[in-house]
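As a plain string of letters, each chain reads:
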Amino acid sequence: MMAERIDVAVVGVSTLVGEALISILAERGFPVGTLYPLDTADQAGGRVEFKGSHLRVGDVASFDFSRVQLAFFCADADVSAAYVPRATAAGCVVIDDSGLFRMEADVPLVVAEVNPEALAGWQARRIIANPNACTVLMLTALKPIHDTAGLTRINVATYQAVSGAGRDGMEELGRQTAGLLNMQGIETHIFPRQIAFNLLPRIGALEPNGYTREEMKMVQETHKILGDEAIGVNPTTVRVPVFYGHAMALHIETRDMITATRVRELLKKAPGVAVAEDMPTPVTDASGDDAVFVGRIRQDISHENGMDMWLVGDNVRKGGALNCIQIAQVLVKDYM
């Protein structure tokens, strides 16, 4: 039964996801009683706007989590490691975006449109994990196809916006772009190579198998969320000079043959998905929108049970803040 009002803490309000989350809480009419915006000591003391009020940002280190029933953690893994256990010990339920708890067996890893039933296990740790943004976007689109024809292999190349690296990544792209357009030199701090007018075919550190950590997240999270480790997942992750909106070229193989016409029909009915008959792009379609846009749907001419498509979605909204809030909406409605 849904509680009338939920007192909520948002940890990491200075992050892009934290900012978006507070905005979407208001947009979606989430039943917030009292909102406590929190951040680390170096970011505390400022103010954030929520429903016409300007709330002072508190220091997470001194916050008493027994004052809230729900906490969204939008900061990095170090902050989650330090304060999530304290929050859950105080009786608070945590929805964590940091990635720290995603692969722990007793922590539900949830995409709202894909496996909301996993929330039934929320009481084991009182922690629910938000997946990697690319995983959220990809599986939102692929779930109805999997339910109908059975995914056997996913071959995906991602083209990820710099906002995936946080505000510092966006600022580096802006500085480099301005410098190059003014015939000046550039500096690289956040990305290993120039990102302006360039593509970087590696996101994160390399694992022993030659894949990056970002790529292996997509493999492991897909298996956990869909509950099927037999699905082959082969990702290549690329950083591109776009501020908001991740894109993916998807080549999937299914157990049963399915036509492009049937895929379009399924996706048009799928929650959270918008089918674009032309060519959806991160900037003109995805940025600032809640939907996952899918276009270029076509039979794979190289494989009898293959299907190709192009996908774009706002990584900060749907891939981060919005999915966290959708998780909370299901949790409050059905479990709290």
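So, here is what we can say about the structure in this document. Computed from a prediction, not measured in an experiment: that's the story for all the values here.

Examining the packing of aromatic side chains
1) Next: Scanning all chains against the criterion turns up four aromatic pairs.
2) Next: For the ring pair Y36 and F63, a centre distance of 5.2 Å and an interplane angle of 50° mean the geometry is tilted. With Y36 in strand β2 (residues 32–39) and F63 in the loop between β5 (58–59) and β6 (70–73), this pair connects stretches of sequence that are 27 residues apart. For the pair Y36 and F63, one class covers both residues: buried.
3) Next: Measuring from ring centre to ring centre gives 5.1 Å for F63 and F65, while their planes differ by 90°; the resulting arrangement is edge-to-face. Neither residue differs from the other here; F63 and F65 are each classed as buried.

A short note on the packing of helix α3 (residues 133–149) against helix α8 (residues 317–334)
How two helices sit against one another is set out by the angle between their axes and by the gap between those axes.
1) Next: At a closest axis distance of 8 Å, the pairing of α3 and α8 adopts a crossing angle of 85°. Overall, the two elements α3 and α8 adopt an arrangement that is roughly perpendicular. On α8, the residues touching A133, V136, L137 and T140 of α3 are K318, G319 and N323.
2) Next: The class makeup of the residues in the contact of α3 with α8 is three nonpolar, three polar and one charged.

Let's talk about the environment of P235
1) Next: With respect to the secondary-structure elements, P235 resides in strand β10 (residues 232–239).
2) Next: When its relative accessible area of 1% is taken as the criterion, P235 is described as buried.
3) Next: The spacing of P235 and L250 is 15 residues in sequence and 9.4 Å in space, taken between C-alpha atoms.
4) Next: Every residue in contact with P235, bar those within four places of it in the chain, is listed here: V156, Y211, E215, M218 and V219.

What about the pairing of strand β13 (residues 292–299)?
1) Next: With three bridges connecting them, strand β12 (residues 273–275) and β13 associate as parallel partners. Each bridged residue has a counterpart across the sheet, and for V273 the counterpart in β13 is V292.
2) Next: As defined by bridge partners, β13 adjoins strand β14 (residues 306–313) across five bridges and the pair is classed as antiparallel. Residue pairing for β14: F293 is matched across the bridge by V312.
3) Next: The turn joining β13 and β14, which pair antiparallel and follow one another in sequence, is formed by six residues.

A short note on helix α2 (residues 77–89)
1) Next: A rise of 1.5 Å per residue sets the reference length of α2, with its 13 residues, at 18 Å; its end C-alpha atoms lie 18 Å apart and thus fit the reference within 8%.
2) Next: At Y83, α2 shows its maximal bend, which comes to roughly 35°, and the proline P85 appears one to four places after that position.
3) Next: Turning to α2, the residues buried within the fold contact β1 (6–11), β6, β7 (93–96) and β8 (127–129).
4) Next: Positive phi shows up at G91, right after α2, with a value of about 95°.

Thoughts on the sheet that holds β8
1) Next: Strand order in the open sheet made by the six strands is β5-β2-β1-β6-β7-β8, with parallel pairing throughout. Strand pairing shows two members of the sheet lacking a second neighbour, β5 and β8, which therefore form its edges.
2) Next: As judged from the two bridges shared by β2 and β5, these two strands associate in the parallel manner. Across the sheet, residue L38 finds its bridge partner in β5, namely G58.
3) Next: Running at roughly 160° to β6, α8 makes contact with β1, β6, β7 and β8 of the sheet.

Notes on helix α1 (residues 16–27)
1) Next: When the terminal C-alpha atoms of α1 are compared, their 17 Å separation across 12 residues agrees well with the 16 Å that a helix rising 1.5 Å per residue should span.
2) Next: Taken as a whole, α1 has its buried residues at L16, V17, G18, A20, L21, I22, I24 and L25.
3) Next: The inward-facing, buried residues of α1 abut β1, β2, β3 (47–50), β6, α4 (167–181) and α8.

Details of the pairing of strand β4 (residues 53–56)
1) Next: Summarising the sheet, β3 and β4 pair through four bridges and their orientation is antiparallel. If you follow E49 over to β4, its bridge partner there is H54.
2) Next: The antiparallel pairing of β3 with β4 creates a hairpin that spans two residues between the two strands, and K51 there sits at a positive phi of about 55°.

Conventions used here
Residues numbered from 1 in each chain as written. Predicted model: local features only at pLDDT ≥ 70, side-chain atom pairs only at ≥ 80, totals over all residues. Heavy atoms only, no water. Phe/Tyr/Trp six-rings, centres within 6.5 Å; stacked < 30°, edge-to-face > 60°. Helix = DSSP H or I, 4+ residues; strand = E, 2+ residues; numbered from the N terminus. Buried < 20%, exposed > 50% of the residue type's maximum accessible area, 1.4 Å probe, protein only. Axes fitted to C-alpha atoms, helices over the stretch in contact; angles between N-to-C directions. Parallel < 35°, antiparallel > 145°, perpendicular 65-115°, else oblique. Contact = heavy atoms within 4.5 Å. Nonpolar A, V, L, I, M, F, W, Y, C, P; charged D, E, K, R; others polar. Pairing = 2+ DSSP bridges. Expected span 1.5 Å × (residues − 1). Bend = angle between axes of the 7 residues up to and from the residue.

Function cannot be inferred from these measures alone, as they are strictly geometric.
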